[in-house]
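Reading the structure
Next come the chains, spelled out residue by residue.
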Amino acid sequence: MSSEEFEKLQEIYKSLYEELKLMPERVLRCNAEDRKRLVRTFDERHGEADEVLQGMEEELRAAPSSYRNLMSTKLRMYRRDLGKLQRDVKSSATGFGLSSPTVEGSQHGIYSSQNQQCTHLQSQRALLLQGTDSLNNASLSIERSQRIAAETDHIGNEIIEELGGQREQLDRTRNRLVDTGENLSRSRKILRAMSRRLVTNKLLLGVIILMELAILGAVIYLKFFRR
């Protein structure tokens, strides 16, 4: 329930009130049969308007405190106007032929029958309004469910797209890691080859140094000691 529902009920009440406020003058201008029909119609519309005001009172109890004073003022004004219209119609309807007790009795019977019919129509109207409210609530629930489902689907698609992008990034990272691993393997092979070559060069250098020392020793021996 919300202030928006209160405004909807207010529009319904205004429509009913526009119809009701024309009836006192029409009752004065019509004959007895038409007058009875108008009174019955007035009672029906009055019952409908009263039910609408009851719905507005329920909205008032559920409304935020900041809106409650304005809504309460409107409700009191609507109740007052509706009661004045009811008094005007009764005054117009009973202003003809009240000097005879027989006419008074017949009018009392007419009003009693009309009140019974009005009560029955009001109960049916209440059931219809309850059914309408239930259907409206069900429709709102379905709309909310559909909206949530659409939002969930949209979020799911975005997540799937994001996961797809992350998967591509992971694939590229894995490929780079594989390439890096291969490069490291080649680098290790090159380093091992360089290490072996360095050891070989050291050995060759040592052999050359030994050979040169041997040659130098032989030269010294032949020149100075062998005579």
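About the thresholds
Per-chain numbering applies: the sequence of each chain, read as written, is numbered from 1 onward. Confidence filtering applies because this is a predicted model: local features only for residues at pLDDT of at least 70, side-chain atom pairs given and counted only at 80 or more, and all residues used for totals across whole chains, interfaces and linings. Side-chain numbers here rest on the full set of heavy atoms in the structure, without hydrogens or water. The helix and strand labels rest on DSSP assignments: H or I over at least four residues marks a helix, E over at least two residues marks a strand, and numbering proceeds from the N terminus. Residue burial is assigned from relative accessible area. The probe radius is 1.4 Å, only protein chains are included, and a residue is buried under 20% of its type maximum, exposed over 50%, and partly exposed in between. Two residues qualify as a contact provided that any one of their heavy atoms is within 4.5 Å of a heavy atom in the partner residue. Here, Shrake-Rupley sampling with a 1.4 Å probe gives the accessible areas, and only protein chains in the shown set may cover a residue. Criterion for a salt bridge: a side-chain nitrogen of Lys or Arg within 4 Å of a carboxyl oxygen of Asp or Glu. Any helix carries an expected span of 1.5 Å times its number of residues minus one. In the analysis that follows, any N or O atom pair within 3.5 Å is treated as a polar contact, provided that within protein one partner can donate a hydrogen and the other can accept it, and provided that, for residues neighboring in sequence, both atoms belong to side chains. Working definition: a ring pair exists when centres of Phe, Tyr or Trp rings (six-membered ring for Trp) sit within 6.5 Å. Plane angles under 30 degrees give stacked, over 60 give edge-to-face, the rest tilted. Grouping buried Ala, Val, Leu, Ile, Met, Phe, Trp, Tyr and Cys residues that are joined through side-chain atoms within 4.5 Å yields what is termed a nonpolar core. With axes taken as lines fitted to C-alpha atoms, and helix axes fitted only over the stretch in contact, angles between N-to-C directions fall between 0 and 180 degrees. Comment on the angle field: the value is read as roughly parallel under 35 degrees, roughly antiparallel over 145, roughly perpendicular from 65 to 115, and oblique elsewhere. A crossing counts as left-handed when the near helix is turned anticlockwise from the far one by less than a right angle, and as right-handed when that turn is clockwise. Residues are grouped as follows: nonpolar covers Ala, Val, Leu, Ile, Met, Phe, Trp, Tyr, Cys and Pro; charged covers Asp, Glu, Lys and Arg; every other residue, Gly included, is treated as polar. Exposure above 30% relative accessible area and the absence of a salt bridge qualify a residue for a patch, where like charges join within 9 Å and nonpolar side chains (Val, Leu, Ile, Met, Phe, Trp, Tyr) within 5 Å. Values of pLDDT, which run from 0 to 100, indicate the predictor's confidence residue by residue.

So, on to the overall build of the protein. Helices and strands together make up the secondary structure of the protein, namely five helices and zero strands. Listed N to C, the secondary structure of the protein is α-α-α-α-α in terms of helices and strands. Across the 227 residues of the protein, 18% fall into the buried class. Taking the intrachain contacts of the protein between residues at least 6 apart in sequence as the baseline, contacts between residues at least 24 apart amount to 73%. Of the accessible surface of the protein, which amounts to about 17,100 Å², a share of 57% is contributed by carbon and sulfur atoms.

Before going further, it helps to examine the pattern of salt bridges. Enumeration over the complete set of coordinates arrives at 11 salt bridges. Asp50 is the salt-bridge partner of Arg79, the closest N and O atoms lying 2.4 Å from each other. Here Arg79 is found in helix H4 (residues 65-93), whereas its partner Asp50 is found in helix H3 (residues 32-62), with 29 residues between them in sequence.

Taking 1.5 Å per residue as the helical rise, H3 with its 31 residues ought to reach 45 Å, and the 45 Å between its terminal C-alpha atoms agrees with that figure. Its side-chain oxygen 3.4 Å from the backbone nitrogen of Glu33, Asn31 forms the N-cap of H3.

Turning next to the packing of aromatic side chains. Summed over all chains, the structure comprises two aromatic pairs. Taken together, a centroid distance of 5.9 Å and an interplanar angle of 25° make the contact between Tyr13 and Tyr17 stacked. With Tyr13 and Tyr17 both in helix H1 (residues 3-20), this residue pair falls four residues apart, about one helical turn. This pair shows no difference in class: Tyr13 is buried, exactly as Tyr17 is. Where Tyr13 meets Tyr78, the ring centres are 4.6 Å apart and the plane angle is 35°; that geometry is what we call tilted. Taken together, the residues Tyr13 in helix H1 and Tyr78 in helix H4 connect sequence positions 65 residues apart. Look at Tyr13 and you get buried, because its relative accessible area is 2%. An aromatic cluster is present here, built from Tyr13, Tyr17 and Tyr78 joined pairwise through their rings.

Another point: H4. Taking 1.5 Å of rise per residue, the 29 residues of H4 would be expected to cover 42 Å, and the 42 Å separating its terminal C-alpha atoms lies within 8% of that figure. Looking at H4, one finds that the buried residues are Met71, Ser72, Leu75, Tyr78, Leu82, Gly83, Leu85, Val89, Ser92 and Ala93.

On to the nonpolar core, then. In terms of nonpolar packing, the biggest core is built from 20 residues, with Tyr13, Leu20, Leu53 and Met56 touching the most fellow members. Only H1, H3 and H4 provide two or more residues apiece to this core. Ignoring any residue separated from it by four or fewer positions in sequence, one finds Leu20 in contact with Phe42, Arg45, His46, Ala49, Leu82 and Leu85. Residues Val27, Cys30, Leu38 and Ala93 belong to the second largest nonpolar core, which totals five residues.

On to the packing of H3 against H4, then. For the pair H3 and H4, interaxial distance at closest approach is 11 Å and the crossing angle is 165°. Considering the angle they form, H3 stands roughly antiparallel to H4. Considering how the two elements wind past one another, H3 and H4 form a crossing that is left-handed. Of the residues that constitute the contact of H3 with H4, the class distribution is 13 nonpolar, four polar and seven charged.

This part is about a nonpolar patch on the surface. On the surface, a nonpolar cluster with roughly 650 Å² of combined accessible area is contributed by Leu216, Ile220, Tyr221, Leu222, Phe224 and Phe225. Examined against the element boundaries, Ile220 turns out to sit in helix H5 (residues 101-225).

All right, on to the confidence of the model for the protein then. When pLDDT is low, close inspection of the predicted coordinates is not appropriate. Confidence in the prediction of the protein, expressed as mean pLDDT, is 80, and 83% of residues score 70 or more. For residues 97-111, every residue scores under 50 in pLDDT, and the model assigns this stretch 10 contacts once sequence neighbours within four places are set aside.

Another point: the environment of Arg45. By secondary structure assignment, the location of Arg45 is in helix H3. The spacing of Arg45 and Leu20 is 25 residues in sequence and 7.0 Å in space, taken between C-alpha atoms. Discounting residues that sit within four places of it in the chain, Arg45 has contacts with Leu16, Glu19, Leu20 and Met23. There is a polar contact of 3.1 Å between the side chain of Arg45 and the side chain of Glu19.

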